[in-house]
Amino acid sequence: MTESGTPTLYAEMLPLVEAGASVEQAARRFGDEEGVAEIAAGFVRWRAREQGTAVADAEVLADLAAQLHAAQTRVVALEAETRGLRRELAATQQAIARARVILEAAGE
C-alpha cells in the first residue's frame, strides 16, 4: 500500500478525482476513515502545487465549493428524511397505544 500523504499516493488518487470522484471518495480508497480528511487536504495542496497557477487555485476552490454544496444538499435531504421518519414513528406509537387500549378492554 502506498504511504499516506505522499506524492505517489496523490498521483494514484488523481485519476479517480479526474474521473469524477470527490477528493474524499478517492482518499477513502487509500486510507482508513480517520485519515480521509488529512489525505484529502494533502491531495488538494499537492494538486495546487503541481498545477501551480491561479487557474489551478480557482479549479480547486470550485471543486471544494461544489463538494460543499453537495454536502449541504445532502444534509438538507437527510434532515427532511429524519422529520418524516419522526412523524411516522409518532403515528406508529399512537397506533400501538390505541391497540393496547383495545386489547386491554377486550381482556376485561
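If you're wondering where the values come from, they're calculated on a predicted model, not measured in any experiment.

## Observations regarding the overall build of the chain
Now for step 1: Looking only at helices and strands, the chain has 4 helices and 0 strands in total.
Now for step 2: For the chain, the α and β elements follow one another from N to C terminus as α-α-α-α.
Now for step 3: When each of the 108 residues of the chain is scored for burial, the buried share is 23%.
Now for step 4: Within the chain, counting contacts between residues at least 6 apart in sequence, those at least 24 apart form 40% of the total.
Now for step 5: Per element, the accessible surface of the chain, about 7,900 Å² overall, is 58% carbon and sulfur.

## Observations concerning helix H2 (residues 23–30)
Since one α-helical turn is 3.6 residues long, residues separated by three or four positions face the same way.
Now for step 1: Of all the positions in H2, only Val23, Ala26, Ala27 and Phe30 are classed as buried. Seen from one end, H2 has its buried residues packed into an arc of 100 degrees, which puts them on one side.

## Quick notes on the packing of H2 against helix H3 (residues 36–51)
Now for step 1: One can describe the packing of H2 onto H3 by two numbers: an axis separation of 8 Å at closest approach and a directional angle of 120 degrees. Of the possible angle classes, the one that applies to H2 and H3 is oblique. Crossing angle aside, the handedness with which H2 passes H3 is right-handed. Here Val23, Glu24, Ala27, Arg28 and Phe30 of H2 lie close against H3, whose contacting residues are Val36, Ile39, Ala40, Phe43 and Val44.
Now for step 2: Per-class residue counts for the contact of H2 with H3 are 8 nonpolar, no polar and 2 charged.

## Focus on the packing of aromatic side chains
Now for step 1: As enumerated under the stated definition, the model contains 3 aromatic pairs in all.
Now for step 2: Centre to centre, the rings of tyrosine 10 and phenylalanine 43 are 6.2 Å apart; their planes meet at 75 degrees, and the pair counts as edge-to-face. One end of the pair, tyrosine 10, is in helix H1 (residues 7–18); the other, phenylalanine 43, is in helix H3, with 33 residues separating them in the sequence.
Now for step 3: Relative accessible area serves as the criterion here: at 7%, tyrosine 10 is assigned to the buried category.
Now for step 4: The interplanar angle of 40 degrees and the centroid separation of 5.9 Å between the aromatic rings of tyrosine 10 and tryptophan 46 together place this pair among those described as tilted. You can see tyrosine 10 sitting in helix H1 and its partner tryptophan 46 sitting in helix H3, a full 36 residues away along the chain.
Now for step 5: Owing to a relative accessible area of 10%, tryptophan 46 belongs among the buried residues under this scheme.
Now for step 6: Taken together, the ring pairs in this structure connect Tyr10, Phe43 and Trp46 into an aromatic cluster.

## As for the confidence of the model for the chain
Now for step 1: Across the chain, the average pLDDT comes to 85, with 90% of residues at 70 or higher.
Now for step 2: Put simply, H3 is where the chain has its lowest mean pLDDT, 82, and helix H4 (residues 54–107) is where it has its highest, 89.

## Side note on the side chain of glutamine 67
Now for step 1: If you trace the backbone, glutamine 67 turns up in helix H4.
Now for step 2: Setting aside chain neighbours within four positions, we find glutamine 67 in contact with Ser22, Val23 and Glu24.

Analysis parameters
Counting starts from 1 at the beginning of each chain's written sequence and moves along it residue by residue. In keeping with the predicted nature of the model, local features appear solely for residues at pLDDT of at least 70, side-chain atom pairs appear and are counted solely at 80 or more, and the whole-chain, interface and lining totals rest on all residues. Calculation of side-chain values draws on the structure's entire complement of heavy atoms; hydrogens and water are dropped beforehand. Comment: elements are numbered from the N terminus, with helices defined as DSSP H or I runs of at least four residues and strands as E runs of at least two. Think of it in three bands: with a 1.4 Å probe and only protein chains considered, a residue is buried below 20% of the maximum accessible area for its type, exposed above 50%, and partly exposed in between. Should any heavy atoms of two residues lie within 4.5 Å, those residues are considered in contact. For accessible areas, the Shrake-Rupley method is used with a probe of radius 1.4 Å. Any residue's cover is judged against the shown protein chains and nothing else. Arc, as used here, means the arc of the directions from the helix axis to the C-beta atoms. Axes here refer to lines fitted to C-alpha atoms; in helices the fit is confined to the stretch in contact. Angles between the N-to-C directions go from 0 to 180 degrees. Oblique is the label for any angle not covered by the other classes, which are roughly parallel (under 35 degrees), roughly antiparallel (over 145) and roughly perpendicular (65 to 115). Handedness of a helix crossing follows the sense of rotation of the near helix relative to the far helix, less than a right angle counterclockwise being left-handed and clockwise being right-handed. Amino acids outside the nonpolar list (Ala, Val, Leu, Ile, Met, Phe, Trp, Tyr, Cys, Pro) and the charged list (Asp, Glu, Lys, Arg) are all regarded as polar, and Gly is one of them. Pairing of aromatic side chains requires ring centres within 6.5 Å, counting the rings of Phe and Tyr and the six-membered ring of Trp. Pairs whose planes differ by under 30 degrees are stacked, by over 60 edge-to-face, and all others tilted. Each residue gets a pLDDT score, which is the predictor's confidence in that residue and runs from 0 to 100.

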